[in-house]
Amino acid sequence: MSFDRSLLQVRDLRVDVGARNVLKSVSFDVDAGALVVLMGANGSGKSTLGLALAGHPRYRVVGGWARFAGQDLLSMSAEARARAGLFVSFQAPPEIPGVKNNLFIRTALNAVRDARGEAPLDAFDFLGRARDASADLGLPEAMLARPVNDGFSGGERKRNELLQLALLQPKLALLDEIDSGLDVDGARAVVQLVHKLRTQGTAFIVVSHYLHLIESLAPDAVLRLHEGCISEQGDLALARELARSGFARPAEAQAV
Ligand SMILES: Nc1ncnc2c1ncn2[C@@H]1O[C@H](COP(=O)(O)OP(=O)(O)OP(=O)(O)O)[C@@H](O)[C@H]1O
Ligand SMILES: [Mg+2]
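Residue indices begin from 1 for each chain and proceed along its sequence in written order. Whichever chain is written first becomes A and whichever ligand is written first becomes 1, with later ones labelled in order. It should be noted that, the model being predicted, local features are given only for residues of pLDDT at least 70 and side-chain atom pairs only at 80 or more, the latter also being counted only at that level, while totals for whole chains, interfaces and linings use all residues.

Colleague: Go over the nonpolar core with me, naming the residues and quoting the values.
Modeller: Of all hydrophobic cores here, the largest spans 68 residues; its most connected members are V36, L38, L162, V190, F204 and V206. Helical segments are the DSSP runs of H or I of at least four residues, strand segments are the runs of E of at least two, and each set is numbered from the N terminus. Looking at this core, the element that brings in the most residues is helix 6 (residues 184-199), giving six residues. Our contact criterion uses C-beta atoms placed from the backbone: two residues qualify when those atoms are within 7 Å. Residue contacts for L38: discarding those within four places in its chain leaves K46, I205, V206, V207, L223 and L225. We define a nonpolar core as a collection of buried residues of the types Ala, Val, Leu, Ile, Met, Phe, Trp, Tyr and Cys that are connected via C-beta atoms lying within 7 Å of each other. Residues are called buried when their C-beta atom has 20 or more other C-beta atoms within 10 Å, exposed when it has 12 or fewer, and partly exposed otherwise; all C-beta atoms are positioned from the backbone.

Okay, here's the thing in C-alpha cells:
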C-alpha cells in the first residue's frame, strides 16, 4: 500500500479502557476511497478501536500513532477529528434528550461544511436535504423533529446514524455493527448508501459479524482483530473462513 494513498494510517496503537489494556498493538492502513471490513470476536476491541480513533475520552491511547488525511489524528480534539472528515457511528446510539434531531444534525453538518470551506445551510435548505435522505433511508420524517434517538427503536437509531452519515459525507466512516437490529430494508439501505458514498470518494471501515452484508459491500480488505492486534489480513476469503469456522478455530487453520 503506497504511503501517499493512505487516508488513515494506524501504527502500534495501544488503548486502555478502565484498568484494562484492550488494544496492544494495532497497525493498519485505509486508502482513500477504500472499504475495509473489521472482524473479531465479541470483546476483542473493535468498538474500542473506533471510539479511540473518534477521540472518546474513556478510551485512553497509551501508545502508537495515527495519521488521518495528513494530520496527527491523536493530537486533535474529537470535534477537530469530525471536522477533518472522520465519522464514527455508535454500536448503541445514545439518546440526547432535549436536543432536537434536526438541529443536532444541522449543527454538525454546518461545522463540517465550514471546515470544507462551504457555506452553511439555513434551516430551509437543510430540511430539504434531510427529508430526501430520510426518505431514502425509510426513516419517518417526524423523527427529525424529535430529540435525538429519544424513544427511537433499535433499528430507528441505526437508521438515524445512517442519516447523519448520508448528510455529513465524511472522508472516512467507521460503521460499528450498523446492520445489527436493522430489518431487511434497513440492511439494503446500508449497502445502497455505502455504494453511493463510495462513488463520491468516502472510505469505510465496516465492523460486522454478518457475512451476507460483508459480501454485499465487496471489501478491498478484511482485517481480524484478535488479542489486541490485527492478527490476520486478507480478502473476502478470510471473512468466509471466519464465518465458517468461527473465531476459536485452531491456529493451524488460520490463513497465512
Ligand atoms: N468502560 C469500560 N470499562 C472496562 N472495560 C471495558 C469498558 N468498555 C469496554 N471494556 C472492555 O473492553 C473490551 C473490548 O470491548 P469492545 O466493546 O471494544 O469489544 P467489541 O470487539 O466491540 O465487541 P462486540 O463484538 O461485542 O461489540 C471488552 O472486554 C470490554 O468488556
Ligand atoms: Mg463492539
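Colleague: Describe helix 1 (residues 46-54), naming the residues involved and giving the relevant values.
Modeller: Among the nine residues in helix 1, eight count as buried, and that is most of the element. K46, S47, T48, L49, G50, L51, A52 and L53 are the residues of helix 1 that are buried. Just downstream of helix 1, G55 is the residue with a positive phi angle, here 95 degrees.

Colleague: Describe the site of ligand 1, naming the residues involved and giving the relevant values.
Modeller: Residues in close proximity to ligand 1 total 14 residues, the closest being G18, N42, K46, S47 and T48. Mapped by element, the contributors of at least two residues to the shell around ligand 1 are strand 2 (20-31) and helix 1. Think of it as three bins: nonpolar holds Ala, Val, Leu, Ile, Met, Phe, Trp, Tyr, Cys and Pro, charged holds Asp, Glu, Lys and Arg, and polar takes everything else, Gly as well. Looking at the shell around ligand 1 residue by residue, the class counts come to two nonpolar, nine polar and three charged. Here is the check we use: build the C-beta atom from the backbone, and if it is within 6 Å of the molecule or strand, call the residue near.

Colleague: Can you break down the environment of V36 residue by residue, with the values?
Modeller: Inspection of the secondary structure puts V36 in strand 3 (residues 35-39). For V36 and D132, which are 96 residues apart along the polypeptide, the C-alpha to C-alpha distance reads 28 Å.

Colleague: Let's hear about the packing of helix 3 (residues 101-115) against helix 4 (residues 123-137): which residues, and what values?
Modeller: In contact at an axis separation of 11 Å, helix 3 and helix 4 are set at 105 degrees when each is read in the N-to-C sense. Comparing the axis directions of helix 3 and helix 4 gives the class roughly perpendicular. Seen from helix 3, the contacting residues are N102, I105, R106 and L109; seen from helix 4, they are F126, L127 and A130. Here the contact of helix 3 with helix 4 is built from residues that sort into five nonpolar, one polar and one charged. The convention used is that axes are lines fitted to C-alpha atoms, helices contributing only their stretch in contact, and that angles between N-to-C directions extend from 0 to 180 degrees. Relative orientations are named as follows: roughly parallel for angles under 35 degrees, roughly antiparallel for angles over 145 degrees, roughly perpendicular for angles from 65 to 115 degrees, and oblique for any other angle.

Colleague: Can you lay out unusual backbone geometry for me, pointing to particular residues and giving the numbers?
Modeller: Of note, the phi angle at Q169 is positive, near 45 degrees, even though the residue is not glycine. Along the chain, Q169 turns up in the loop between helix 5 (154-168) and strand 9 (172-176). Taking the number of C-beta atoms within 10 Å as the measure of exposure, Q169 has 18 and is therefore partly exposed. The backbone of A218 sits at a positive phi, close to 45 degrees, despite the residue not being glycine. Along the chain, the position of A218 falls in the loop between helix 7 (211-217) and strand 11 (221-226). What makes A218 partly exposed here is the crowd of 14 C-beta atoms within 10 Å.

Function cannot be inferred from these measures alone, as they are strictly geometric.
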